[in-house]
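# Per-entry structural report
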Amino acid sequence: MTHADPILVVGGGVIGLTTAVVLAESGFPVVVKTAEPPEHSTSAVAGALWGPWMVDPRDRVLPWAKQTLDILTDLAEEASTGVRIASGIEVSTTYHEPPEWARLLSDRRACRPDELPPGYCYGTFYSAPLLDMPEYLSYLTTRLKRAGGRLDIARITSLRAADNAQVIVNCTGIGARELVPDPDLYPVRGYHVAVTNPGLTNFIEADTGDDSEFIAIYPHRDHVLLGGTAEKDVWERDPDPGIAHRILARCRSIDPRLADAQVIGHRVGLRPTRQDIQLEAEELPVGWIIHNYGHGGAGVSLSWGCARTVADIVSILID
Ligand SMILES: Cc1cc2nc3c(=O)[nH]c(=O)nc-3n(C[C@H](O)[C@H](O)[C@H](O)COP(=O)(O)OP(=O)(O)OC[C@H]3O[C@@H](n4cnc5c(N)ncnc54)[C@H](O)[C@@H]3O)c2cc1C
């Protein structure tokens, strides 16, 4: 294997594009093949607030999350990346210990009583990168092309015979369930209703006592994404008026400024979920597959760290 052989990245969501950018900017020739364009991926549906909730293995997740936080914080300084540093609150009706990664957020503190919405007893205030995903994916695509990479719309039917590439990076999200195949990978459906922005700038995340339905308010420049749901093993991606109605009612009750906001779209995605994120190299009779999938509800928050791990593996394989 030489530096001149193109690396095939399969998947054009946030994991595939970020991996392709890191490889291309490290000097490797890169081709991305993706069944659907980035704007139709699950990644385009995300809120997307940095925070590696509920993903394992913990010893790898923390460094991946820290590297990604640092890079997204830098990108927030640049125009047209779709990233900004937003402040907001995460509130709850029951107390839970802060996750280990919370210490990475420098201004994190307990909410003052006057910051808690009615009915909520506990909460934290913090600032973190918030991404407008369609804009961010477009930024990544442009950056990939600038570094000499290519993006083709093409479905891969077998990783083991894909284009005779020597190194294939598998970033197919929930598609890996069939492609690998990996029966341990399952979808957790997430739903956002997009509404016009009545002037909100701060995010809100709140529990409801029901693990599958919660409150998420993510303000972007001209719209707000309202959520959310976490429905295990649900594959349906069509809009559901019942779910949308409940999301709107919950979000309007916690922030009445949303009362007259107009619905401008529905965004539904399948979080690719498994016990542990799969980031490992698999040797083939000729060449290698590097798997990079299964990031659940935290792919945006881990994307740069995981991409760098892939680049480290590639550098060892192509020496
Ligand atoms: C409602 C919702 C809110 C979320 N909020 C957050 C958040 O606030 N913060 C956060 O960090 N994460 C969040 N997430 C999770 C995040 O969106 C995912 O972890 C992330 O998008 C996974 O990225 P991916 O690139 O692995 O998968 P995807 O975005 O699904 O991309 C997979 C790509 O692979 C391609 N593909 C699949 N099969 C094939 C094939 N056979 N051949 C070629 N191409 C193929 C697809 O076309 C697609 O381009 C949220 C998710 C949802 C649904």
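Cut-offs and rules
- Residues numbered from 1 in each chain as written.
- Predicted model: local features only at pLDDT ≥ 70, side-chain atom pairs only at ≥ 80, totals over all residues.
- Heavy atoms only, no water.
- Axes fitted to C-alpha atoms, helices over the stretch in contact; angles between N-to-C directions.
- Helix = DSSP H or I, 4+ residues; strand = E, 2+ residues; numbered from the N terminus.
- Parallel < 35°, antiparallel > 145°, perpendicular 65-115°, else oblique.
- Left-handed = near helix turned anticlockwise from the far one by under 90°.
- Contact = heavy atoms within 4.5 Å.
- Nonpolar A, V, L, I, M, F, W, Y, C, P; charged D, E, K, R; others polar.
- Pairing = 2+ DSSP bridges.
- Near = heavy atom within 4 Å.
- Polar contact = N/O pair within 3.5 Å; in protein donor to acceptor, adjacent residues only side chain to side chain.
- Areas by Shrake-Rupley, 256 points an atom, 1.4 Å probe, with all protein chains shown as cover.
- Phe/Tyr/Trp six-rings, centres within 6.5 Å; stacked < 30°, edge-to-face > 60°.
- Buried < 20%, exposed > 50% of the residue type's maximum accessible area, 1.4 Å probe, protein only.
- Lys NZ or Arg CZ within 6 Å of the ring centre and 35° of its normal.

### As for the packing of helix 1 (residues 14-25) against helix 6 (residues 299-317)
- The N-to-C vectors of helix 1 and helix 6 enclose an angle of 40 degrees; their axes lie 8 Å apart at closest approach. Between helix 1 and helix 6, the angle is such that the two are oblique. Here helix 1 runs over helix 6; the crossing is right-handed. Facing helix 1, whose interface residues are Val14, Ile15, Thr18, Thr19, Val21, Val22 and Leu23, helix 6 presents Gly299, Val300, Ser303, Trp304, Ala307, Arg308, Val310, Ala311 and Val314.
- Residue composition of the contact of helix 1 with helix 6, by class: eleven nonpolar, four polar and one charged.

### Focus on the sheet that holds strand 1 (residues 7-10)
- Pairing is mixed in the open sheet, where six strands are placed in the order 6-2-1-7-15-14. Edge strands, defined here as strands with exactly one partner in the open sheet, are strand 6 (150-153) and strand 14 (278-283). Across the sheet, the mean angle from the axis of one strand to that of its neighbour is 20 degrees, orientation sign disregarded.
- The pairing of strand 1 with strand 2 (residues 30-34) spans four bridges and is classified as parallel. Among the inter-strand pairings, leucine 8 is bridged to a residue of strand 2, identified as valine 31.

### Here we look at the site of the ligand
- Near the ligand lie 38 residues; those nearest to it are Thr34, Ser43, Ile156, Gly296 and Ser301.
- At 3.4 Å, a backbone N or O of valine 14 approaches an oxygen atom of the ligand.
- Here an oxygen atom of the ligand and a side-chain polar atom of serine 301 are 2.7 Å apart.
- Across the complex, the protein chains shield 94% of the 1,000 Å² of accessible surface that the ligand would expose by itself.
- The set of elements that each furnish at least two residues to the shell around the ligand consists of helix 1, strand 2, strand 8 (186-196), strand 13 (263-273) and helix 6.

### Side note on the packing of aromatic side chains
- Counted according to the given criterion, the structure contains five aromatic pairs.
- With 5.2 Å between their ring centres and 55 degrees between their planes, tyrosine 126 and phenylalanine 203 make a pair best called tilted. Taken together, the residues span a long stretch of sequence, with tyrosine 126 in strand 5 (residues 122-131) and phenylalanine 203 in strand 9 (residues 203-210) at a distance of 77 residues.
- Since its relative accessible area comes to 0%, phenylalanine 203 is described here as buried.
- Linked through ring pairs, Trp50, Trp53 and Trp101 together constitute an aromatic cluster.
- Lying across the ring of phenylalanine 125, arginine 109 places its NZ or CZ 4.3 Å from the centre.
- Its end group placed over the ring of tyrosine 186, lysine 232 keeps NZ or CZ at 4.8 Å from the ring centre.

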